Amino acid sequence: MIRAVLFDMDGVLVDSEDISIRIGIEYFASKGLALVKEDFSGHLGTGEKDFFGGPASDKGFSAWSQDEASSFFRSRYPVLTRDRGMALPGAVDTVRACAAAGILTAVCSSAPLWKVEANISSLGLDVRDFDLVTSFADIRRNKPYPDIYRLALARLGVDPWDAVVFEDSPGGIAAGMAAGCRTVGLETTVDGDAMAAAGADAVIGDLSVIGGFSDPAGLEERLFPSLRSEVVYGANVVSCDGVPAGDLLVGKALEKAAEARLNAYAPYSGFKVGAAVISAATKRIYAGCNVENSSYGATICAERNAILSAVAEEGVFGIDVLAVVSDDNPPAPPCALCLQVAAEFANPGTRVVLGDLKGNKTVHLFKDLLPKPFIFPTMRK
């Protein structure tokens, strides 16, 4: 469920792209280089350095200075934005609706802090109307790197799968995806096809499309209305989007499994295993490790520990992916007992991803590892 909304600024909350491009054209004109709007289109949303440096590099132009360009931009921006209505449709209403619904909000802008604060003021809002405001000053690498979104998630204390990123550029979508968040692309700067091709989970015209909502579930339904359906996972029917976890999330599950493996309690066998499951409904990751016992039959495998953690958190639960990491080559599969436990929460198409400590990986379907699991007759769907 959505716990936090992370907003890019320019092109999402405020309409400043045309002004920024105008200033860029003016600056390069003063240096003797004639540019047009299209020269900047591929360099939006990734920070001031690329905004100026990208077009200059494309044209093979070197007679310019980043410091000089930044100073020129800062001197012109307040003049061109003064007394201009810059709020994009739905921007202020969406920010306030999130706050009223108990959803955390953050600004995650590639712009310098002075510009972010100026843009927030132009909305008739204050920085205190957001739970967090971050800018280029807070990070070393700008979008399309995920650093600013990872920083925001850490400061808000929110897991990536509980956050939604709003962006208006392919570079911003790439950053949100790399941070592990669902992304919504706005058609305020580039067309919807480009945002979809970049991997956006949903594409909308602008924030006014969302309309009213009073709680996180309402926002979820507004953003992803057609993505959820009832899917059978073992003995459970789970409401989910039915979209398999992507490579980034599967990679994160393997990382979590590897981290859990380090805590394995295996004084008898010495064979440490870590496992993680990705929830079909929430895309959250739950990890576990093997815990052995002097009475060998009391030993609990990593796979079962991960599954039990997920059930404790979500109740009705479906396994999208089961990831297992061990120091074995080829990577070791789950034992038959773990497969039977997983059968309550998996379906034939659930992926079982096995990894070792050297980065080797094999992928199997659950039906191939346990073709005919036992499910209590009255629970069979």
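Residues numbered from 1 in each chain as written. Predicted model: local features only at pLDDT ≥ 70, side-chain atom pairs only at ≥ 80, totals over all residues. Heavy atoms only, no water.

Student: Give me the lowdown on the overall build of the protein, citing residues and values where you can.
Tutor: For the protein, the count of helices and strands is 13 helices and 13 strands. In terms of overall dimensions, the protein has C-alpha extents of about 80 × 45 × 35 Å along its principal axes. When each of the 381 residues of the protein is scored for burial, the buried share is 50%. Sequence separation of 24 or more characterises 65% of the internal contacts of the protein that already satisfy a separation of 6 or more. Per element, the accessible surface of the protein, about 17200 Å² overall, is 53% carbon and sulfur. Taking the 35 positively charged and 48 negatively charged side chains of the protein as two groups, their mean positions are separated by 3 Å. (Helix = DSSP H or I, 4+ residues; strand = E, 2+ residues; numbered from the N terminus. Buried < 20%, exposed > 50% of the residue type's maximum accessible area, 1.4 Å probe, protein only. Contact = heavy atoms within 4.5 Å. Areas by Shrake-Rupley, 256 points an atom, 1.4 Å probe, with all protein chains shown as cover. Lys, Arg positive; Asp, Glu negative; His and termini not counted. Charge placed at Lys NZ, Arg CZ, Asp CG, Glu CD.)

Student: Go over the sheet that holds strand β9 (residues 273–279) with me, naming the residues and quoting the values.
Tutor: Taken in spatial order, the five strands of this open sheet run β10-β9-β11-β12-β13, and their pairing is mixed. Only two strands of the sheet have a single partner each, and these edge strands are β10 (285–289) and β13 (361–365). The sheet shows a mean angle of 20° between the axes of neighbouring strands, taken without regard to direction. In the packing of helix α11 (residues 302–314) onto the sheet, contacts are made with β9, β10 and β11 (319–326), and the angle to β10 comes to roughly 140°. (Pairing = 2+ DSSP bridges. Axes fitted to C-alpha atoms, helices over the stretch in contact; angles between N-to-C directions.)

Student: So what about unusual backbone geometry? Which residues, and what values?
Tutor: Lys143 connects to Pro144 through a cis peptide bond whose omega is 20°. As for its position among the elements, Pro144 is in the loop between β3 (132–134) and α6 (147–156). The step from Asn329 to Pro330 runs through a cis peptide bond, and the omega angle for that step is 5°. Residue position: Pro330 is located in the loop between β11 and α12 (336–343).

Student: Any chance you could break down the packing of helix α1 (residues 17–30) against helix α3 (residues 66–81) for me, citing the residues and the numbers?
Tutor: At a minimum axis distance of 10 Å, the contact between α1 and α3 shows a crossing angle of 130°. It follows from the interaxial angle that α1 and α3 lie oblique. Crossing handedness for the pair α1 and α3: right-handed. On α3, the residues that touch Ile19, Ser20, Arg22, Ile23, Glu26 and Tyr27 of α1 are Glu68, Ala69, Phe72, Phe73, Arg76, Tyr77, Leu80 and Thr81. (Parallel < 35°, antiparallel > 145°, perpendicular 65-115°, else oblique. Left-handed = near helix turned anticlockwise from the far one by under 90°.)

Student: Account for the packing of α1 against helix α2 (residues 48–58), with residues named and values stated.
Tutor: Geometry of a packed helix pair, given as the angle between the helix axes and the separation of the axes. With their axes 11 Å apart at the nearest point, α1 and α2 run at an angle of 50° to one another. Comparing the axis directions of α1 and α2 gives the class oblique. For α1 against α2, the interelement crossing comes out right-handed. Counted together, Ser20, Ile21, Gly24, Tyr27 and Phe28 of α1 and Phe51, Phe52 and Ala56 of α2 form the full contact between these two elements. Counted by class, the contact of α1 with α2 contains six nonpolar, two polar and no charged residues. (Nonpolar A, V, L, I, M, F, W, Y, C, P; charged D, E, K, R; others polar.)

Student: Outline the layout of surface pockets, listing residues and values.
Tutor: Taken as a whole, the largest pocket holds about 1000 Å³ of empty space. In terms of lining residues, the largest pocket is bounded by 36 residues, among which Gly180, Cys181, Arg182, Leu249 and Lys283 are the most central. Elements with a minimum of two residues in the lining of the largest pocket: α6, α7 (170–178), α9 (216–223) and α10 (247–261). When residues of the lining of the largest pocket are assigned to their parent elements, the largest contribution, seven residues, is made by α10. Of the residues belonging to the lining of the largest pocket, the class tally is 18 nonpolar, five polar and 13 charged. Considered as a void within the structure, the second largest pocket measures approximately 270 Å³ in volume. (1 Å grid on protein atoms, 1.4 Å probe; cavity = no way out; pocket = protein on both sides within 12 Å on 5 of 7 lines; lining within 4 Å. Points joined across faces, edges and corners; volume = space filled by probe spheres on them.)

Student: Could you give an account of the packing of aromatic side chains, naming the residues involved and the relevant values?
Tutor: Taken as a whole and assessed by the stated rule, the structure comprises 18 aromatic pairs. Their ring planes at 55° and their centres at 5.6 Å tell us that Tyr27 and Phe72 sit as a pair that is tilted. One end of the pair, Tyr27, is in helix α1; the other, Phe72, is in helix α3, with 45 residues separating them in the sequence. Owing to a relative accessible area of 1%, Tyr27 belongs among the buried residues under this scheme. Ring centres of Phe51 and Phe52 lie 5.1 Å apart, and the angle between their planes is 85°; on these two criteria the pair is classed as edge-to-face. With respect to burial, Phe51 and Phe52 carry one shared label: buried. Here the aromatic cluster, defined as three or more aromatic residues joined through ring pairs, consists of Tyr27, Phe28, Phe40, Phe51, Phe52, Phe61, Trp64, Phe72, Phe73, Tyr77 and Trp114. (Phe/Tyr/Trp six-rings, centres within 6.5 Å; stacked < 30°, edge-to-face > 60°.)

Student: Account for the pairing of strand β5 (residues 182–186), naming residues and giving values.
Tutor: β5 sits mainly inside the fold: four of its five residues count as buried. Relative to β5, strand β4 (residues 163–167) is paired through four bridges, and the arrangement is parallel. When the sheet's bridge partners are listed, Phe166 is paired in β5 with Val184. With α7 bridging β4 and the parallel β5, this β-α-β connection has right-handed handedness. Relative to strand β6 (residues 202–204), β5 is paired through three bridges, and the arrangement is parallel. Residue pairing in the sheet places Leu186 in a bridge with Ile204 of β6. (Right-handed = clockwise from strand over helix to strand, strands pointing away.)

Student: Got a sec to walk through the pattern of salt bridges? Specific residues and values, please.
Tutor: Counting across every chain of the model gives 14 salt bridges. For the salt bridge of Asp138 with Arg155, the shortest nitrogen-to-oxygen distance reads 4.0 Å. Placement of the pair is Asp138 in the loop between β3 and α6 and Arg155 in helix α6, with a sequence separation of 17 residues. Between Lys252 and Glu255 there is a salt bridge, with its nearest N and O atoms 3.8 Å apart. (Salt bridge = Lys/Arg side-chain N within 4 Å of Asp/Glu carboxyl O.)

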